[in-house]
Amino acid sequence: MEFSKDSKIKLKPDLPDAGLVYYPEFLNRSEADFYFKKFLKDLHWEQHNIKIFGKTIPQPRLTSLYAEDNISYSYSNLTLQPNIFTPELKDLQEKVTQLSGYSFSHCLANLYRNGNDSMGWHSDDEKELGKDPVIASLSFGEVRKFQLKHKFRKELKYDLELQHGSLLIMQGTTQHFYKHQLPKTKKEKSSRINLTFRKIL
């Protein structure tokens, strides 16, 4: 598939201790629509239970793990076994690598079915992601608010509306100094898919 020529448009939020690059038009509308419908239908969506503060609860979203190998990925006391990259995921992996210069082995996909689905405050800092993890986050479907906050300086906060077809790259020391979340909202929201490419060492 041909990719949008607008993927070079980028924004760099000026946040201390963070390395963020945002491409609001990484994919054009028709490309983003194609992938959204394809992934909504074809990815193996599941709802898992996770442990938070010693309590087991169902994740407030659906997830699916894909990779170019069979290496599992663990977070929140949950271990996922990957499916092999689909041709569409492979296309996007290569495109993100070409743009960013980083290679990625895994993709954790998240499906937020409505405004009640969410992702709580966390950092992607598992040991298997390496010293300075690079997370490439692609968004499809409904626009949702993405929030970051500094772990040690309470005044440092940042909100970003993640657009359909956009790409957000978190790199450098971002995971050391910031937590991020996708909060619930009382506003009526339709489905959103988030692909988070990462490299497991």
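To start, this report covers the structure provided alongside it. (Residues numbered from 1 in each chain as written. Predicted model: local features only at pLDDT ≥ 70, side-chain atom pairs only at ≥ 80, totals over all residues. Heavy atoms only, no water.)

1. Let's talk about the sheet that holds strand β15 (residues 192–198)
Put simply, the rule is: Note on pairing: DSSP must find at least two bridges between two strands before they are called paired. Helical segments are the DSSP runs of H or I of at least four residues, strand segments are the runs of E of at least two, and each set is numbered from the N terminus. It only takes one pair of heavy atoms within 4.5 Å for two residues to be counted as in contact. Orientation is described by lines fitted to C-alpha atoms, with helices fitted over the stretch in contact, and by angles between N-to-C directions that extend from 0 to 180 degrees.
Strand order in the open sheet formed by 7 strands is β1-β13-β10-β15-β8-β4-β7, with mixed pairing between adjacent strands. Strand pairing shows two members of the sheet lacking a second neighbour, β1 (19–23) and β7 (83–84), which therefore form its edges. As judged from the 7 bridges shared by strand β8 (residues 106–112) and β15, these two strands associate in the antiparallel manner. Bridge pairing links Tyr 112 to Arg 192 in β15. The sheet contacts of helix α2 (residues 87–100) involve β1, β4 (62–67), β8, β10 (135–141), β13 (167–171) and β15, and relative to β15 the element is tilted by about 60 degrees.

2. Let's talk about the layout of surface pockets
Put simply, the rule is: Both cavities and pockets are sets of points on a 1 Å grid over the protein atoms alone; in a cavity a 1.4 Å probe fits but cannot get out, in a pocket the set is open with protein on both sides within 12 Å along at least five of seven lines, and lining residues sit with an atom within 4 Å of a point. Grid points are joined across faces, edges and corners, and a volume is the space filled by probe spheres set on the points. For this classification, Asp, Glu, Lys and Arg are treated as charged, while Ala, Val, Leu, Ile, Met, Phe, Trp, Tyr, Cys and Pro are nonpolar and the rest, including Gly, are polar.
Looking at the largest pocket, its volume works out to about 570 Å³. What lines the largest pocket is a set of 34 residues, among which Arg 61, Met 119, Gly 120, Trp 121 and His 122 lie closest to the centre. Taken together, the elements giving at least two residues each to the lining of the largest pocket come down to β2 (49–52), β5 (73–75), β8, β9 (119–122), β10, β14 (178–182) and β15. Taken together, the residues that form the lining of the largest pocket break down as 15 nonpolar, 12 polar and 7 charged.

Geometric descriptors of this kind do not, in isolation, establish any biological role.
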